[in-house]
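# Breakdown of the fold
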There are 4 protein chains.
Amino acid sequence: MKNTFGTSVGVTIYGESHGESIGVVIDGLAPGIPVDRDFINAQLTLRRPAGKISTARQEPDEYHIVSGVFEGRTTGTPICIMIPNTQTRSKDYSATRALARPGHADYTAFCKYHGFEDYRGGGHFSGRITAGLVAGGAIALTALANRGIHIGTHIARCGGICDRAFGDLEADIQKLSAMPFAVLDETASAAMHKRMEEIAAEGDSIGGLLETAVTGMPAGVGEPWFDTVEGILSHALFSIPAIKGVQFGDAFDLLDAKGSEYNDPFRITDGKIAPVTNHNGGINGGITNGAPITFRCAVKPTPSIYKEQDTVDFFKQEDAKLQIQGRHDPAIIHRARVVVDSVTALVLCDILAGRFGTDWICG
Amino acid sequence: MKNTFGTSVGVTIYGESHGESIGVVIDGLAPGIPVDRDFINAQLTLRRPAGKISTARQEPDEYHIVSGVFEGRTTGTPICIMIPNTQTRSKDYSATRALARPGHADYTAFCKYHGFEDYRGGGHFSGRITAGLVAGGAIALTALANRGIHIGTHIARCGGICDRAFGDLEADIQKLSAMPFAVLDETASAAMHKRMEEIAAEGDSIGGLLETAVTGMPAGVGEPWFDTVEGILSHALFSIPAIKGVQFGDAFDLLDAKGSEYNDPFRITDGKIAPVTNHNGGINGGITNGAPITFRCAVKPTPSIYKEQDTVDFFKQEDAKLQIQGRHDPAIIHRARVVVDSVTALVLCDILAGRFGTDWICG
Amino acid sequence: MKNTFGTSVGVTIYGESHGESIGVVIDGLAPGIPVDRDFINAQLTLRRPAGKISTARQEPDEYHIVSGVFEGRTTGTPICIMIPNTQTRSKDYSATRALARPGHADYTAFCKYHGFEDYRGGGHFSGRITAGLVAGGAIALTALANRGIHIGTHIARCGGICDRAFGDLEADIQKLSAMPFAVLDETASAAMHKRMEEIAAEGDSIGGLLETAVTGMPAGVGEPWFDTVEGILSHALFSIPAIKGVQFGDAFDLLDAKGSEYNDPFRITDGKIAPVTNHNGGINGGITNGAPITFRCAVKPTPSIYKEQDTVDFFKQEDAKLQIQGRHDPAIIHRARVVVDSVTALVLCDILAGRFGTDWICG
Amino acid sequence: MKNTFGTSVGVTIYGESHGESIGVVIDGLAPGIPVDRDFINAQLTLRRPAGKISTARQEPDEYHIVSGVFEGRTTGTPICIMIPNTQTRSKDYSATRALARPGHADYTAFCKYHGFEDYRGGGHFSGRITAGLVAGGAIALTALANRGIHIGTHIARCGGICDRAFGDLEADIQKLSAMPFAVLDETASAAMHKRMEEIAAEGDSIGGLLETAVTGMPAGVGEPWFDTVEGILSHALFSIPAIKGVQFGDAFDLLDAKGSEYNDPFRITDGKIAPVTNHNGGINGGITNGAPITFRCAVKPTPSIYKEQDTVDFFKQEDAKLQIQGRHDPAIIHRARVVVDSVTALVLCDILAGRFGTDWICG
């Protein structure tokens with residue numbers, strides 16, 4: 001399939017940047033999960049543009065839960081959440097229609113859809129589509145939290161500035177859940193924000209590194225071949241626009257380590273088997289070992305910049321210059337982190353429902 | 001599903017390290033692809049242990065094509081390739097049965113299979129299972145080559161030593177196809193090999209970085225949401241034992257870059273639209289742009305080392321010491337590279353058959 | 001998955017009888033298919049209740065194409081079609097909430113969803129959900145027609161009255177496409193309609209037999225094992241409420257035939273290989289042989305009747321009597337036939353896209 | 001996918017009639033299910049040809065459990081069962097290679113595989129492939145029996161002779177499990193057998209009706225849209241060669257019934273909610289209601305007959321006469337019934353594992 005992922009819990013998205021609405025259908029979540037509309041709103045707010053480091057397009061993100069929720073709880077049937085597009089600007093795209101924005105999907109969409117694609121504002125490739133994932137992911141996050149599973153993501157690095165490492169995971173995840181700008185260290189947070197503003201002022205853009213931790217996952221979940229926890233998570237994460245790399249545990253950061261350094265020895269801690277270190281990110285042989293799942297996503301700089309760029313006109317098949325106009329994000333890493341949490345939550349619900357049955361993730 | 005991947009071309013694996021045989025079933029490859037038994041043998045040889053930097057277990061890897069090939073060509077029905085296990089050593093595992101080897105799947109397998117798992121030699125988690133993928137991948141590589149698509153992987157880094165970057169891709173891929181030790185630069189090759197021998201002599205192990213390039217992929221292949229080329233490839237790649245990170249293009253290597261540096265401008269080159277640089281690894285918005293697909297995999301050090309390690313006895317639920325005996329690889333990165341090529345070939349056949357129909361990948 | 005079918009073309013439905021809206025997401029249809037809003041309306045009209053032999057609930061079925069269509073053609077990205085529910089009656093269901101209507105899904109829904117289901121008007125089990133399939137199916141029917149593939153269904157039997165057999169298939173399918181009551185023989189049509197009115201007047205209900213033919217399917221489509229054309233079609237058809245049996249060709253009608261009678265001999269006809277008879281319904285070994293695909297669906301009587309029935313109260317776990325009130329269909333077979341056409345069209349688009357690539361079904 | 005079915009429990013088959021071996025890979029069965037080799041043998045014996053009413057090809061069906069079973073129990077990893085082909089006759093097929101046997105898949109295979117198919121003895125389309133399903137199905141039947149779920153199939157009709165209806169289901173299923181010729185009524189059994197011998201003597205063939213019952217299924221299993229129990233079962237059942245129709249409950253047999261006759265009223269029986277009649281075959285709205293699942297399969301006559309038939313030569317594209325030689329079954333219905341039981345068992349394991357988790361079907 002294409003715009004769907006998941007086996008036991010399926011997630012399907014639809015919509016274009018300038019269409020009537022965007023949305024998501026989530027199928028297979030257990031019946032009885034409480035649906036907290038305030039929490040969904042709070043999550044959507046974390047994704048919304050924020051000041052100078054974001055696009056000027058401000059969508060209210062008023063969502064409709066069209067199906068699958070009854071008397072405040074999930075019914076077990078498909079949940080459709082629809083988010084109308086209201087801030088679309090009518091404008092003439094014809095001048096730049098065929099100028100492939102470098103780093104964007106304009107040219108690849110043309111190759112795939114033969115010119116029938118809705119190209120306005122990135123169409124179906126727009127990051128706006130992720131709003132549906134955030135709304136739906138909020139329900140998944142609630143379901144997981146009710147089973148003691150918590151997810152949090154911070155900006156570990158941006159513009160050469162590094163956040164502090166995760167410490168007390170439960171506390172850090174709790175702290176992040178309420179932070180509009182997900183940087184744990186205050187000094188780093190201020191410096192990063194300032195750097196992003198500078199880049200924005202230059203008409204340029206920036207990416208960075210997101211780090212995610214999941215606590216409370218039971219051991220013994222995942223599959224050895226093909227449906228490894230790493231494989232399923234990365235499959236979904238690479239859909240988030242701008243994510244170009246995913247590593248579990250330390251991977252790229254310990255390329256020169258020896259086995260004696262990388263292996264995580266097991267010990268009995270508080271009467272429970274657990275690895276003492278976590279270079280493997282909580283996963284051995286594709287299966288959870290009970291330690292927190294940790295992973296990092298490399299986020300490339302937003303491709304829309306205000307500097308003139310070389311490109312081609314793919315209708316005329318000739319070289320061209322491009323000067324992007326309109327409203328764009330100089331960085332999306334601070335908005336993407338809640339998308340990472342949401343997608344992770346949906347994927348984990350899928351994995352857990354497959355392992356323990358469709359009723360497991362119940363309220 | 002679990003031990004299966006693929007939609008249009010499905011790959012299913014089975015077998016345990018010490019069972020009767022291991023194997024693979026590949027379903028959905030076009031009819032008429034020539035099956036070159038010498039090439040399959042050559043590929044299996046690239047995966048086989050080699051001297052001091054590998055395990056002492058030497059399997060002849062005599063394979064049987066049990067079905068799906070008739071008169072030297074694929075029939076279009078499922079291809080089953082069976083590889084008997086012949087070098088299994090009967091020995092008593094009871095002493096170490098419940099001692100979880102750090103970094104290995106012993107403990108997670110126990111959590112998942114409740115003790116019913118075949119634990120001998122890693123059972124179904126053994127890297128030996130990848131022999132089937134290599135045999136089947138050889139047919140996929142032939143099919144792709146017949147359509148002008150070529151795949152090559154080199155060891156970009158190991159033990160702190162770096163290979164030269166890819167240069168003329170077609171020439172480098174050609175060169176790699178015949179190299180038992182896939183390092184392009186001769187000096188680096190010798191240094192890396194020496195470093196691996198030193199680590200082996202220490203009773204320790206090492207990992208590193210694999211870099212892969214795919215040339216000849218048509219533009220317009222892949223999906224925007226969920227079935228991105230990155231997502232599908234990473235899903236499969238994370239099954240290869242020891243791979244813990246996957247990045248496309250430069251990702252983790254350019255975390256601080258600006259958009260003006262990271263974007264790949266398009267130009268008309270030789271009458272064809274192509275990006276001038278390739279920081280995006282040939283993929284925009286999940287879809288190929290006609291440039292080579294490039295990705296790098298972080299390979300963790302082999303978890304089996306000969307040094308004493310802390311661990312637990314998961315039957316007795318108590319702390320223990322572990323001294324691993326037996327035959328083990330101090331490094332698998334030089335053997336894993338052909339597995340990466342094979343898995344990549346199978347995944348691309350799947351993606352291309354889905355895009356252009358089941359007959360497309362024909363001989 | 002659950003509320004999704006299809007591999008190359010996926011169809012996902014959502015919604016409840018008394019929710020905000022019902023709808024469908026269709027993903028994988030080729031870009032460039034013309035979307036004819038009048039035809040969609042005409043198809044929805046065929047599904048709508050009609051006079052005394054239908055429910056009194058009349059929905060306008062005003063549909064929104066929310067995504068995936070641009071400038072009158074499909075874009076190749078997911079098509080979401082939303083149909084608001086407007087004629088829901090606010091009423092108190094509490095008296096009959098736990099009285100399982102015999103033949104309905106009330107009790108099985110309770111067993112599955114533990115009481116969290118939206119029970120109003122059948123909730124997600126309502127035949128109303130099929131409106132989305134009809135709207136989406138209309139686009140699929142257009143795509144197929146543009147490739148010379150046509151689908152038609154008539155009521156072959158109802159209340160003991162039989163329609164004439166299919167004759168000139170192309171002409172009959174053409175004729176059916178404009179018939180509100182799909183019976184080819186006029187006398188049979190009148191008699192059947194009269195019988196349905198009588199049954200309605202009794203407060204009872206009736207089912208019958210639908211017969212479908214598909215012309216123009218290319219030979220060589222389908223799979224031998226598991227994804228046979230029969231298997232995929234029946235999988236989807238059994239979702240249509242009240243369909244309890246599916247046969248291809250003559251099956252149940254020729255249970256005592258000999259091979260010499262049942263086999264369809266091949267001959268060259270008009271320079272083309274074709275079977276002379278069609279007892280196999282156009283499919284041999286799961287694969288199309290170029291003859292029309294023919295199948296028949298047994299439709300059980302609508303379970304909602306106005307006669308008092310024995311049942312249980314599943315909250316109280318005790319025997320009870322049930323007297324159904326409200327608006328119900330004494331027959332749905334005349335409305336179901338367009339649903340059969342629609343589902344068949346969507347399934348065939350899926351099969352054909354898988355065989356010939358995603359662009360095949362193009363306008 | 002093609003030669004695979006199942007979501008939580010996947011079944012993949014491979015092999016050709018005259019290849020080295022045929023087999024099956026079953027993935028996702030719980031760990032710990034006891035594997036009873038005698039029972040597997042007994043089931044394979046039920047499928048084997050028997051005397052004058054079967055083919056003269058007698059395969060010993062010695063099977064190898066190649067993986068997934070350890071110390072007498074399933075491990076939870078893929079179970080590969082391989083059955084060597086030993087009784088293949090080397091002969092020259094060139095004379096009849098391109099003569100499409102009516103009712104067979106020769107011509108459709110040629111359309112699909114373009115002549116690369118292994119045509120010997122029906123190749124991958126051969127009923128011989130079902131031996132793997134029977135061997136694997138035996139493990140699934142054991143797993144289900146351990147949870148109180150039992151499956152039995154009898155020949156309800158053949159050559160105009162009818163067996164008695166199912167009576168005490170548990171007793172009848174028990175009785176059938178040991179019957180080589182699955183007809184419950186002794187007189188009908190003798191008459192049917194005699195009729196089959198007569199047809200065989202004529203050089204003709206016969207089909208008939210199989211009826212299946214499943215007891216012990218929990219209520220609340222299945223999905224409302226697309227993955228109905230009927231849809232999933234029929235999808236798999238239509239793969240069994242010669243099955244051309246599937247009905248649940250009474251469907252085609254009660255086409256003229258009214259709702260008041262067809263509805264199954266619920267009552268409390270022995271303290272449990274259950275329908276009093278079972279016209280719906282144990283399924284309402286796609287979901288089990290706790291009553292036995294009942295279905296009937298229409299089996300067409302075996303297409304291989306010894307009478308001369310009209311056909312075409314698809315290489316020469318011209319009309320031809322065909323006189324089939326070799327070893328063939330004049331009827332397969334008595335052999336197919338154990339295949340129906342096996343496929344049903346595998347499908348139910350898949351559905352149940354999806355509903356209750358992968359460990360549910362445990363020994």
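Since this is a predicted model, take the numbers as computed values, not measurements.

## What about the relation of the copies chain C and chain D?
The relation between the two copies of this chain is a rotation about an axis and a shift parallel to it. For the pair chain C and chain D, the best superposition has an RMSD of 0.0 Å and corresponds to a rotation of 180 degrees with a translation of 0.0 Å parallel to the axis. Viewed as a symmetry operation, the transformation between the two copies matches a two-fold axis.

## Side note on the relation of the copies chain C and chain B
Structural alignment of chain C on chain B gives an RMSD of 0.0 Å, achieved by rotating through 180 degrees and translating 0.0 Å along the axis. In this assembly the copies share their binding face: 100% of the residues contributing to the interface of chain C also contribute to that of chain B.

## Observations regarding the interface of chain C and chain B
With 8 residues of chain C in contact, the opposing surface of chain B contributes 8 residues. Together, the buried faces of chain C and chain B total about 610 Å²; carbon and sulfur atoms form 39% of this surface. On inspection of chain C and its partner chain B, the count reaches 2 salt bridges. With its nearest N and O atoms 3.1 Å apart, the salt bridge here joins aspartate 359 of chain B to arginine 355 of chain C. At the surface where chain C touches chain B, the tally comes to 4 residue pairs in polar contact (both at pLDDT 80 or more). Of the residues belonging to the side of chain C that touches chain B, the class tally is 2 nonpolar, 4 polar and 2 charged.

## Focus on the interface of chain C and chain D
With 103 residues of chain C at the interface, the matching set in chain D holds 103 residues. Both faces considered, chain C and chain D share a buried interface measuring about 8,400 Å² in area, 60% of it formed by carbon and sulfur atoms. In this structure, the connection of chain C to chain D is made through 11 salt bridges. The partner of arginine 267 of chain C in a salt bridge is aspartate 319 of chain D, and the shortest N-O contact between them spans 3.7 Å. Where chain C touches chain D, the interface holds 51 residue pairs in polar contact (both at pLDDT 80 or more).

## Observations regarding the sheet that holds strand E4 (residues 64–67) of chain C
All names here are of chain C. Read across the sheet, 5 strands follow the order E1-E2-E3-E7-E4 without closing on themselves; strand pairing throughout is antiparallel. At either margin of the open sheet sits one strand with a lone partner, and together these are strand E1 (4–5) and E4. Contacts between helix H3 (residues 130–145) and the sheet are confined to strand E2 (10–14), strand E3 (21–27) and strand E7 (79–84), with E7 contributing the most and set at about 140 degrees to the helix.

## Remarks on unusual backbone geometry
Positive phi, close to 85 degrees, is recorded for alanine 242 of chain B, a residue that is not glycine. For alanine 242 of chain B, the location among the structural elements is in the loop between helix H6 (229–237) and strand E11 (243–248). The phi torsion at aspartate 270 of chain D lies on the positive side, around 55 degrees, for a residue other than glycine. Tracing the sequence through the fold places aspartate 270 of chain D in the loop between strand E12 (266–269) and strand E13 (272–275).

## So, the packing of helix H3 (residues 130–145) of chain B against helix H8 (residues 333–356) of chain B
Residues and elements named next belong to chain B. At their nearest, the axes of H3 and H8 sit 7 Å apart, and the two run at 55 degrees to each other. As judged from the angle between their axes, H3 and H8 are oblique. You can see that H3 and H8 cross each other, and the crossing is left-handed. Here H3 contributes Thr130, Leu133, Val134, Gly136, Gly137, Ala140, Leu141 and Leu144 to the contact with H8, which in turn contributes Val338, Val339, Asp341, Ser342, Val343, Ala345, Leu346, Leu348, Cys349 and Leu352. Of the residues belonging to the contact of H3 with H8, the class tally is 13 nonpolar, 4 polar and 1 charged.

## So, the sheet that holds strand E2 (residues 10–14) of chain A
All names here are of chain A. In spatial order, the strands read E1-E2-E3-E7-E4; together these 5 strands make up an open sheet with antiparallel pairing. Two strands close off the open sheet at either side, each with one partner strand: strand E1 (4–5) and strand E4 (64–67). When strand E3 (residues 21–27) meets strand E7 (residues 79–84), the two strands line up antiparallel, connected through 6 bridges. Residue pairing for E7: valine 25 is matched across the bridge by cysteine 80.

## Quick word on helix H1 (residues 37–47) of chain D
Residues and elements named next belong to chain D. Listed as buried for H1 are Ile40, Gln43, Leu44, Leu46 and Arg47. With its buried residues spanning 155 degrees around the axis, H1 presents them on a single face. Along its buried surface, H1 packs onto strand E4 (64–67), strand E7 (79–84), helix H3 (130–145), helix H4 (169–177) and helix H8 (333–356). Two or three places before aspartate 38, at the start of H1, stands the capping residue aspartate 36, its side-chain oxygen 3.0 Å from that residue's backbone nitrogen.

## A word on the packing of helix H1 (residues 37–47) of chain B against H8 of chain B
To describe two helices that pack against each other, one gives the angle between their axes and the distance between the axes. Residues and elements named next belong to chain B. Where H1 meets H8, the closest approach of the two axes is 7 Å, and the angle between their N-to-C directions is 145 degrees. Residues Gln43, Leu46 and Arg47 of H1 lie in contact with H8, whose contacting residues are His334, Arg335, Arg337, Val338 and Val339. Its residues placed into classes, the contact of H1 with H8 shows 3 nonpolar, 2 polar and 3 charged.

## Regarding the pairing of strand E17 (residues 309–313) of chain B
Residue and element names in this part refer to chain B. Burial within E17 is extensive, with 4 of its 5 residues counted as buried. In this sheet, strand E18 (residues 318–322) lies alongside E17 in antiparallel orientation, the contact comprising 5 bridges. Its bridge partner lying in E18, aspartate 313 is registered against glutamate 318. Where E17 hands over to E18, the hairpin turn is made up of 4 residues, of which glutamine 317 adopts a positive phi near 55 degrees.

Cut-off values and rules
- Residues numbered from 1 in each chain as written.
- Chains lettered and ligands numbered in written order.
- Predicted model: local features only at pLDDT ≥ 70, side-chain atom pairs only at ≥ 80, totals over all residues.
- Heavy atoms only, no water.
- Least-squares fit on C-alpha atoms with pLDDT ≥ 70 in both.
- Contact = heavy atoms within 4.5 Å.
- Buried area = accessible area lost by both parts, 1.4 Å probe.
- Salt bridge = Lys/Arg side-chain N within 4 Å of Asp/Glu carboxyl O.
- Polar contact = N/O pair within 3.5 Å; in protein donor to acceptor, adjacent residues only side chain to side chain.
- Nonpolar A, V, L, I, M, F, W, Y, C, P; charged D, E, K, R; others polar.
- Pairing = 2+ DSSP bridges.
- Helix = DSSP H or I, 4+ residues; strand = E, 2+ residues; numbered from the N terminus.
- Axes fitted to C-alpha atoms, helices over the stretch in contact; angles between N-to-C directions.
- Parallel < 35°, antiparallel > 145°, perpendicular 65-115°, else oblique.
- Left-handed = near helix turned anticlockwise from the far one by under 90°.
- Buried < 20%, exposed > 50% of the residue type's maximum accessible area, 1.4 Å probe, protein only.
- Arc of directions from axis to C-beta.

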